[in-house]
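The primary structure of each chain is shown beneath.
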Amino acid sequence: RHPYYVAGAAAGVVLIGASGIGSWVLARSRPGSHVAPRSEPLRSPRLQRWARQWRHLVGEIRSFLADHDRRDVALLFALGNWLLDAACLWVCLAAFGAVVPPGLVLTAYGAANLLGLLPITPGGLGVVEGVLMPALVAFGVAGGAAVLGVLAWRVLQFWLPIPVGGAAYVALRVGDLRAGRDVSATR
């Protein structure tokens, strides 16, 4: 057993468990009980907007967790997305000669993507790569293979969907214009 593997897996379990427990607590709490009682109303527009967004988020989590079919399908697709994305990373690493055990790839991938969720850069740009490459090197992957494999994976996973999505957006807009629909109403 690699000590980084155990530490990474433990951290991932703790973070995912904390997220699950937090969602469960929000779903089980009474509506309005998640907001601390105040002796005076919120006067700041920013705090009022934050409180509205928080109530909306809690309501959405409650609704999502209550709908078992929707929740199960969403969790299945989310798991499939992560596993297939990690498999793509594994294939990109193997393409550059680094055959890494899947457990190590999943550990490094999970840690990098969890840190990439922090709102520092869009899509974790730079954060994911900055965590993933050193983690893979620490797991014994050659530096060159780690850099090239991660960059190839990131091109496929992050950069390639951008022009494809842009082309789809333009195609939908052109279709709306040809059909005579008001495209400004779809904002």
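Criteria and cut-off values
- Residues numbered from 1 in each chain as written.
- Predicted model: local features only at pLDDT ≥ 70, side-chain atom pairs only at ≥ 80, totals over all residues.
- Heavy atoms only, no water.
- Salt bridge = Lys/Arg side-chain N within 4 Å of Asp/Glu carboxyl O.
- Buried < 20%, exposed > 50% of the residue type's maximum accessible area, 1.4 Å probe, protein only.
- Helix = DSSP H or I, 4+ residues; strand = E, 2+ residues; numbered from the N terminus.
- Phe/Tyr/Trp six-rings, centres within 6.5 Å; stacked < 30°, edge-to-face > 60°.
- Expected span 1.5 Å × (residues − 1).
- Arc of directions from axis to C-beta.
- Lys, Arg positive; Asp, Glu negative; His and termini not counted.
- Contact = heavy atoms within 4.5 Å.
- Patch = residues over 30% accessible without salt bridge, like charges linked within 9 Å, V, L, I, M, F, W, Y side chains within 5 Å.
- Areas by Shrake-Rupley, 256 points an atom, 1.4 Å probe, with all protein chains shown as cover.
- Axes fitted to C-alpha atoms, helices over the stretch in contact; angles between N-to-C directions.
- Left-handed = near helix turned anticlockwise from the far one by under 90°.
- pLDDT = per-residue confidence, 0-100.
- Parallel < 35°, antiparallel > 145°, perpendicular 65-115°, else oblique.
- Nonpolar A, V, L, I, M, F, W, Y, C, P; charged D, E, K, R; others polar.

Chemist: With reference to specific residues and values, describe the pattern of salt bridges.
Modeler: Tallied over the full model, the rule gives two salt bridges. A salt bridge links Asp72 to Arg71, with the nearest nitrogen and oxygen atoms 3.3 Å apart. Its relative accessible area of 41% is what places Asp72 among the partly exposed residues. With its nearest N and O atoms 2.6 Å apart, the salt bridge here joins Arg154 to Glu129. Here Glu129 lies in helix H5 (residues 127-138) and Arg154 lies in helix H6 (residues 143-159), a separation of 25 residues in the sequence. For Glu129, a relative accessible area of 10% translates into the label buried.

Chemist: I'd love a proper account of the packing of aromatic side chains, names of residues and values included.
Modeler: Enumeration according to the criterion identifies four aromatic pairs in this entry. With 5.4 Å between their ring centres and 85° between their planes, Trp82 and Tyr109 make a pair best called edge-to-face. Of this pair, Trp82 sits in helix H3 (residues 68-95) while Tyr109 sits in helix H4 (residues 102-116), and the two are 27 residues apart along the sequence. Residue Trp82 is classed as partly exposed on the basis of its relative accessible area of 33%. Each ring, one from Tyr109 and one from Trp153, has its centre 5.9 Å from the other, and the planes form 75°; the classification is edge-to-face.

Chemist: For helix H2 (residues 45-66), give the residues involved together with the corresponding values.
Modeler: The end-to-end C-alpha separation of H2 is 31 Å, in line with the 32 Å expected for 22 residues at 1.5 Å each. Turning to H2, its buried residues are Ala51, Val58, Ile61 and Arg62. One side of H2 carries all its buried residues, which in axial view fall inside an arc of 100°. Seen from the open side of H2, the exposed residues pointing more than 90 degrees away from its buried face are Pro45, Arg46 and His56.

Chemist: Before we move on, could you go through the side chain of Asp85 and cite the residues and values that matter?
Modeler: Mapped onto the elements of the fold, Asp85 is located in helix H3. Although Asp85 is buried, it forms no salt bridge, and the closest oppositely charged side chain is Arg154 at an N-O distance of 6.7 Å. Setting aside residues up to four positions removed in sequence, Asp85 forms contacts with Tyr109, Trp153 and Gln157.

Chemist: Can you explain a nonpolar patch on the surface? Please cite residues and give values.
Modeler: Together, Leu125, Val155, Trp159 and Ile162 line one region of the surface with nonpolar side chains, adding up to about 350 Å² of accessible area. By the element assignment, Leu125 lies in the loop between H4 and H5.

Chemist: Any details on the packing of H3 against H4? Residues and values, ideally.
Modeler: Two numbers describe a pair of packed helices, the interaxial angle and the distance between the axes. Here H3 crosses H4 at 115°, and the two axes come no closer than 10 Å. Where H3 crosses over H4, the two elements pack in a sense that is right-handed. Of H4, the residues touching H3 (which contributes Trp82, Leu83, Asp85, Ala86, Leu89, Trp90 and Leu93) are Pro102, Val105, Leu106, Tyr109, Gly110, Asn113 and Leu114.

Chemist: Any chance you could break down the confidence of the model for the protein chain for me, citing the residues and the numbers?
Modeler: Taken as a whole, the protein chain shows an average pLDDT of 84; of its residues, 86% reach a score of 70 or greater. Within the protein chain, helix H1 (residues 3-28) has the poorest average pLDDT of any element, 75, and H6 the best, 95.

Chemist: Tell me about H5, and name the residues and values.
Modeler: Turn by turn, an α-helix covers 3.6 residues, leaving residues three or four places apart pointing in a common direction. Relative to the 16 Å expected for twelve residues at 1.5 Å per residue, H5 spans 17 Å between its end C-alpha atoms, a close match to the ideal helical length. Turning to H5, its buried residues number three or more, namely Val127, Val128, Glu129, Leu132, Met133 and Leu136. For H5, the elements touching its buried residues are H3, H4 and H6. Backbone geometry just after H5 places Gly140 at a positive phi near 105°.

Chemist: Give a description of the packing of H6 against helix H7 (residues 161-178) that names residues and reports values.
Modeler: Orientation of H6 relative to H7, taken along the N-to-C sense of each, is 20°, at an axis distance of 6 Å. Classified by the interaxial angle, the pair formed by H6 and H7 is roughly parallel. On H7, the residues touching Val155, Leu156, Gln157, Phe158 and Trp159 of H6 are Pro161, Ile162 and Pro163. Of the residues contributing to the contact of H6 with H7, the split by class is seven nonpolar, one polar and no charged.

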